[in-house]
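Read off the chains here:
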Amino acid sequence: MPIKYYKLFDMLNRKEMKKTDLLEIAGISSPTLAKLTKGDIISTDTIAKLCKALQCQPGDIMEYLEEEPEPQ
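Residues numbered from 1 in each chain as written. Predicted model: local features only at pLDDT ≥ 70, side-chain atom pairs only at ≥ 80, totals over all residues. Heavy atoms only, no water.

1. What to know about the environment of glutamate 66
What counts, and what does not: Going along the chain from the N terminus, every DSSP run of H or I of four or more residues is numbered as a helix, and every run of E of two or more is numbered as a strand. Any residue under 20% of the maximum accessible area for its type is buried, any over 50% is exposed, and the rest in between are partly exposed; the area is computed with a 1.4 Å probe on protein chains only.
Along the chain, glutamate 66 turns up in the segment after strand 2 (63–64). A relative accessible area of 66% places glutamate 66 in the exposed class. For the pair glutamate 66 and leucine 22, spaced 44 residues apart in sequence, the C-alpha to C-alpha distance is 27 Å.

2. Examining the packing of aromatic side chains
The following threshold applies: Pairing of aromatic side chains here covers Phe, Tyr and the six-membered ring of Trp, requires ring centres within 6.5 Å, and sorts the geometry by plane angle: under 30 degrees stacked, over 60 edge-to-face, intermediate tilted. We count a charge as sitting over a ring when the NZ of a lysine or the CZ of an arginine lies within 6 Å of the ring centre and within 35 degrees of the ring normal.
This structure, assessed with the given rule, holds 0 aromatic pairs. Positioned over the ring face of phenylalanine 9 is lysine 19, at 4.8 Å from the centre of the ring.

3. What to know about the environment of glycine 39
Topologically, glycine 39 is positioned in the loop between helix 3 (30–38) and helix 4 (44–54). Expressed as a C-alpha distance, the spacing of glycine 39 and lysine 18, which sit 21 residues apart in the sequence, is 17 Å.

4. Things to note about helix 4
Keep this limit in mind: Directions drawn from the helix axis to the C-beta atoms are what define this arc. Contacts between residues were defined by any pair of non-hydrogen atoms, one from each residue, lying within 4.5 Å.
Among the residues making up helix 4, those that are buried are Thr46, Ile47, Leu50, Cys51 and Leu54. The buried residues of helix 4 occupy an angular sector of 135 degrees when the element is viewed end-on, so they sit on one face. Opposite the buried face of helix 4, at more than 90 degrees from it, the exposed residues are Thr44, Asp45 and Lys52. Buried residues belonging to helix 4 abut helix 1 (6–14), helix 2 (21–25), helix 3 and helix 5 (58–61).

This is how it looks when you write it as structure tokens:
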């Protein structure tokens, strides 16, 4: 997946928050938190909830990284 959420987890560390704190402050579910941790696809609604809860912009919590092509 070319979208990475390491910025989100860096932000949580700087704010001295745990990943599970997102469940309460952003109103997301445990399966969604698991998707974030794995770097899976999440909805734009979830991104909006995270940005609202953390008072940030999408680029502050995620980044597009182009995947390396598979060797032939």
